[in-house]
Amino acid sequence: EVQLVESGGGLVQAGGSLRLSCAASGSTFGDYAIGWFRQAPGKEHEWVSCISRTDGSTYYTDSVKGRFTISRDNAKNSVYLQMNSLKPEDTAVYYCAAADPLCQVYGEAYDYWGQGTQVTVSS
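Notes on the structure in this doc start here. (Residues numbered from 1 in each chain as written. Predicted model: local features only at pLDDT ≥ 70, side-chain atom pairs only at ≥ 80, totals over all residues. Heavy atoms only, no water.)

The next thing to look at is empty space enclosed by the protein. In the structure shown here, the tally under the stated rule is one cavity of 30 Å³ or more. There is about 40 Å³ of room inside the largest cavity. Taken together, the residues that form the lining of the largest cavity break down as two nonpolar, two polar and five charged. (1 Å grid on protein atoms, 1.4 Å probe; cavity = no way out; pocket = protein on both sides within 12 Å on 5 of 7 lines; lining within 4 Å. Points joined across faces, edges and corners; volume = space filled by probe spheres on them. Nonpolar A, V, L, I, M, F, W, Y, C, P; charged D, E, K, R; others polar.)

Dropping the structure here:
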């Protein structure tokens, strides 16, 4: 099993940036594809991004393409989500999750989840 802890959330004005971190213990991120999900009040879990275990391929939902960048550092057991040009509609609790072995857009494909970090974007 693996434990995941998100950090880096906070309050930012529209157009600003935040960098979220996902740190793992109990295993290594290199064993998993790592995805980011978010959940806003009144909405269901939404897949945001994923980075593959092997070749580092990255995937994004259309609403964040060109604004968000996912990356990983397997030596540090960490994955990052750089969020630029933030919009109020990006406000949500952001979760990182680990899938074995492939990136998927479905939450059911992910075996381990962090507790989330709050991102609030003011207008």
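Two aromatic rings, taken as a pair, are described by how far apart their centres are and by the angle between their planes. Tallied over the full model, the rule gives four aromatic pairs. Seen from their ring centres, F37 and Y110 are 5.0 Å apart, and the 85 degrees between their planes marks the pair as edge-to-face. On the criterion of sequence distance, the pair formed by F37 in strand β4 (residues 33–39) and Y110 in strand β10 (residues 110–113) is long-range, its members being 73 residues apart. Judged by relative accessible area, F37 falls into the buried class, the value being 2%. A relative accessible area of 5% places Y110 in the buried class. (Phe/Tyr/Trp six-rings, centres within 6.5 Å; stacked < 30°, edge-to-face > 60°. Helix = DSSP H or I, 4+ residues; strand = E, 2+ residues; numbered from the N terminus. Buried < 20%, exposed > 50% of the residue type's maximum accessible area, 1.4 Å probe, protein only.)

What follows concerns the nonpolar core. Judged by nonpolar contacts, the single largest core of 27 residues is most densely connected at W36, F68, L81, M83 and Y94. Of all elements in the fold, only β3 (18–25), β4, β5 (46–51), β7 (68–73), β8 (78–83), β9 (92–99) and β11 (117–122) reach the threshold of two or more residues within this core. Setting aside residues up to four positions removed in sequence, F68 forms contacts with R38, V48, Y60, L81, Q82, M83, N84, L86, D90 and Y94. F37, W47, A97 and Y110 belong to the second-largest nonpolar core, a separate cluster that totals seven residues. (Core = buried A, V, L, I, M, F, W, Y, C linked by side-chain atoms within 4.5 Å. Contact = heavy atoms within 4.5 Å.)

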